[in-house]
Amino acid sequence: MKRILILGATGSIGTSACDVVRTHPSDFRIAGLAVRSNRERAEALGREFGAPVFCGEDAAERAVEETDADLVLVSTVGLSGLAPTLAAIEKGVDVALATKEVMVAAGELVCARAEAKGVKILPVDSEHSAIFQCLQSFGGRGATALPDVGWRGRRDVSRLILTASGGPFLDGPDDLSTVTPAQALNHPRWKMGPKVTVDSSTMMNKGFEILEARWLFDVPADRIDVVVHPESIVHSLVEFTDGATLAQLSPPDMRVPIQYAFSWPDRLPAERARLDLATLSSLTFRAPDEARFPALRLVKDAARAGGTKTAVLSAADEVAVARFLAGEIRYTDIVRLVEAAVDAAPDLPCDSIENILAADAAGRKLAKEWNS
Ligand SMILES: NC(=O)c1ccc[n+]([C@@H]2O[C@H](COP(=O)([O-])OP(=O)(O)OC[C@H]3O[C@@H](n4cnc5c(N)ncnc54)[C@H](OP(=O)(O)O)[C@@H]3O)[C@@H](O)[C@H]2O)c1
């Protein structure tokens, strides 16, 4: 019986995670539930699962300190995931990580601490879970835990290929400047929280996923490619040095990667939609259009710069998305704003929580003050 602490229990990932636990009551138990403000819903879940509930801005960190868990699911939004992730690592508890901003802002620091403590960081994002699953099936060091499952010692891996649905604006409109929040929140394949949905539409999310993969699997960013795959059936691929490429496929359902992070290294049966290749008319792939979606280039540049530039990027994006949803800036301003903040902020080494928080604060300040 694995005891799982769920941080962000009322969100899209948290709700799917509760469902996974409901389906496997003899394998998983909820050790605690943390949310920011949705106390009523959290308490209903607390009663259902007989688990303590934590509410408020520091709820996630308190929950890590005050509960006894075997695995912490971090699925809050943005940098709020960093302190509880570091607290879990410090306590020696494995982490199932959905909050990609933790790796975007502080991947170097988080991985160094996890490695020092022998803590596993299991991917929840569907693309990273796909890569993780492909690496497992190839045997070798892939059969052990992260961070060992990464690039180090894997001379047999030549490239990681992240698939992207392309979001709602893949085929138009040509002029993205008039896109409204309602249009950006209307993702064609995945039902997710608002921040990640807007990030998916700008492809900033895919850029973040390059950084997430870079740290989770210890792969240089220039060996991580993105391919647009609108059907969202192939969740990502690993190309090996002998010319073989492995992919993981399933109908789009976040409960699959969440459950894998919970059950790893085993697989548990579940009644879910199955892939029926005979009824799929086609699976299509194309190169991303970096001219229409400049976020990809921006993230790759920040990754190359290293240090705390990616923490600035993540913070500025969080503010930019909030300002867009509040009607303060245009859709196309999101990437312009983030780029201006990344250029203007000082770069520091990504080796302490203080530097990451300073970069985060600088990114937020620049993003709040930015005017088109
Ligand atoms: N949704 C997906 O399919 C998906 C897929 C891959 C990766 N992700 C990543 O997973 C993370 C969560 O995404 P989501 O779509 O589930 O977000 P969401 O639906 O907006 O839910 C966020 C959850 O986090 C809680 N929360 C926010 N700040 C908190 C804090 N300081 N302390 C404790 N709880 C806090 C919220 O509580 P309240 O309800 O009380 O505000 C809510 O339960 C994001 O980083 C996203 O990029 C999501």
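K.L.:
Would you mind showing me how to read the side chain of Glu 231 here?
P.N.:
Turning to its location among the elements, Glu 231 is positioned in the loop between β8 (224–228) and β9 (234–240). The buried charged residue Glu 231 lacks any salt bridge, with Arg 189 as its nearest oppositely charged partner at 5.9 Å. Within the structure, Glu 231 has its side chain in polar contact with the side chain of Thr 284 (distance 2.7 Å). If near-sequence neighbours (up to four positions away) are discounted, Glu 231 is found in contact with Arg 189, Pro 252, Ser 282, Leu 283 and Thr 284.

K.L.:
I keep staring at empty space enclosed by the protein and nothing clicks. Help me out?
P.N.:
One pass over the structure, following the stated rule, counts 3 cavities of 30 Å³ or more. Taken as a whole, the largest cavity encloses approximately 40 Å³ of empty space. The wall of the largest cavity is formed by Ser 126, Ser 129, Ala 130, Gln 133, Trp 190, His 235, Gln 248, Ser 250, Pro 251, Asp 253, Val 256 and Pro 257. Elements that contribute at least two residues to the lining of the largest cavity include exactly α6 (126–137) and α10 (255–263). Partitioned by chemical class, the residues of the lining of the largest cavity number 5 nonpolar, 6 polar and 1 charged.

K.L.:
Sorry, what's going on with the layout of surface pockets here?
P.N.:
Over the atoms a probe the size of a water molecule is rolled, and this reveals where empty space is left. The calculated volume of the second largest pocket comes to roughly 350 Å³. Lining the second largest pocket are 19 residues; nearest its centre among them are Val 256, Arg 267, Leu 268, Arg 272 and Arg 274. Elements represented by at least two residues in the lining of the second largest pocket include exactly β10 (245–249) and α10. It is α10 that provides the largest number of residues to the lining of the second largest pocket, a total of 4 residues. In terms of residue class, the lining of the second largest pocket is built from 9 nonpolar, 5 polar and 5 charged.

K.L.:
Would you mind going over the domain arrangement of the chain with me for this structure?
P.N.:
A common way to report how large an interface is uses the accessible area buried once the components associate. According to the domain assignment, the chain contains domain 1 (2–119), domain 2 (126–252 + 275–291) and domain 3 (306–372). Centre-to-centre, using C-alpha coordinates, domain 1 lies 25 Å away from domain 3. Facing the 10 residues of domain 1 at the interface are 13 residues of domain 3. Across the interface of domain 1 and domain 3, roughly 880 Å² is buried in total on both sides, 67% from carbon and sulfur atoms. Taken together, domain 1 and domain 3 are joined by 0 salt bridges. Summed over the shared surface of domain 1 and domain 3, the result is 1 residue pair in polar contact (both at pLDDT 80 or more). Considering every element that reaches the side of domain 1 that touches domain 3, the biggest residue donor is helix α5 (residues 101–117), with 6 residues.

K.L.:
Sorry if this is basic, but what is going on with helix α1 (residues 12–23) here?
P.N.:
One turn of the α-helix equals 3.6 residues, which is why residues spaced by three or four share an orientation. In a regular helix each residue adds 1.5 Å, so 12 residues correspond to 16 Å; α1 covers 17 Å between its end C-alpha atoms and thus fits that length. All buried positions along α1 are accounted for by Ile 13, Gly 14, Ser 16, Ala 17, Cys 18, Val 20 and Val 21. Here the buried face of α1 lies against β1 (2–7), β2 (28–35), α2 (39–49), β4 (71–74) and α10.

K.L.:
Honestly, the pairing of β4 in this entry has me stumped. Any pointers?
P.N.:
On a regular strand, each side chain points to the face opposite its neighbour's, so the side chains alternate between the two faces of the sheet. Neither face of β4 is open: one carries Leu 71 and Leu 73, the other Val 72 and Val 74, and all of them are buried. Pairing of β1 with β4, which is carried by 4 bridges, proceeds in the parallel orientation. Within the sheet, the bridge partner assigned to Leu 5 lies in β4 and is Val 72. Across 4 bridges, β4 lies against strand β5 (residues 94–97) in parallel orientation. Bridge pairing in β5 places Leu 71 opposite Asp 94.

K.L.:
What is the right way to look at helix α13 (residues 333–344) in this model?
P.N.:
Taking 1.5 Å per residue, 12 residues should reach 16 Å; α13 reaches 16 Å between its end C-alpha atoms and fits that length. Of the positions making up α13, those classed as buried are Asp 333, Ile 334, Val 335, Leu 337, Val 338, Ala 341 and Val 342. Buried positions along α13 lie against α8 (194–202), α9 (204–216), α11 (295–305), α12 (309–325) and α14 (353–369).

K.L.:
Sorry if this is basic, but what is going on with unusual backbone geometry here?
P.N.:
Excluding glycine, residues mostly carry a negative phi; peptide bonds, for their part, are mostly trans. Looking along the chain, the bond that leaves Gly 172 and enters Pro 173 is cis, with omega of 0 degrees. Mapped onto the secondary structure, Pro 173 falls in the loop between β7 (157–164) and α7 (181–184). Of note, the bond from Trp 264 into Pro 265 is cis; its omega dihedral lies within 30 degrees of zero at 10 degrees. With respect to the element layout, Pro 265 can be found in the loop between α10 and α11. Unlike most non-glycine residues, Met 203 shows phi in positive territory, near 70 degrees. Mapping Met 203 onto the fold places it in the loop between α8 and α9.

Each value, and the rule that gives it
- Residues numbered from 1 in each chain as written.
- Predicted model: local features only at pLDDT ≥ 70, side-chain atom pairs only at ≥ 80, totals over all residues.
- Heavy atoms only, no water.
- Helix = DSSP H or I, 4+ residues; strand = E, 2+ residues; numbered from the N terminus.
- Buried < 20%, exposed > 50% of the residue type's maximum accessible area, 1.4 Å probe, protein only.
- Lys, Arg positive; Asp, Glu negative; His and termini not counted.
- Salt bridge = Lys/Arg side-chain N within 4 Å of Asp/Glu carboxyl O.
- Polar contact = N/O pair within 3.5 Å; in protein donor to acceptor, adjacent residues only side chain to side chain.
- Contact = heavy atoms within 4.5 Å.
- 1 Å grid on protein atoms, 1.4 Å probe; cavity = no way out; pocket = protein on both sides within 12 Å on 5 of 7 lines; lining within 4 Å.
- Points joined across faces, edges and corners; volume = space filled by probe spheres on them.
- Nonpolar A, V, L, I, M, F, W, Y, C, P; charged D, E, K, R; others polar.
- Domains from an automatic or database assignment.
- Buried area = accessible area lost by both parts, 1.4 Å probe.
- Expected span 1.5 Å × (residues − 1).
- Pairing = 2+ DSSP bridges.

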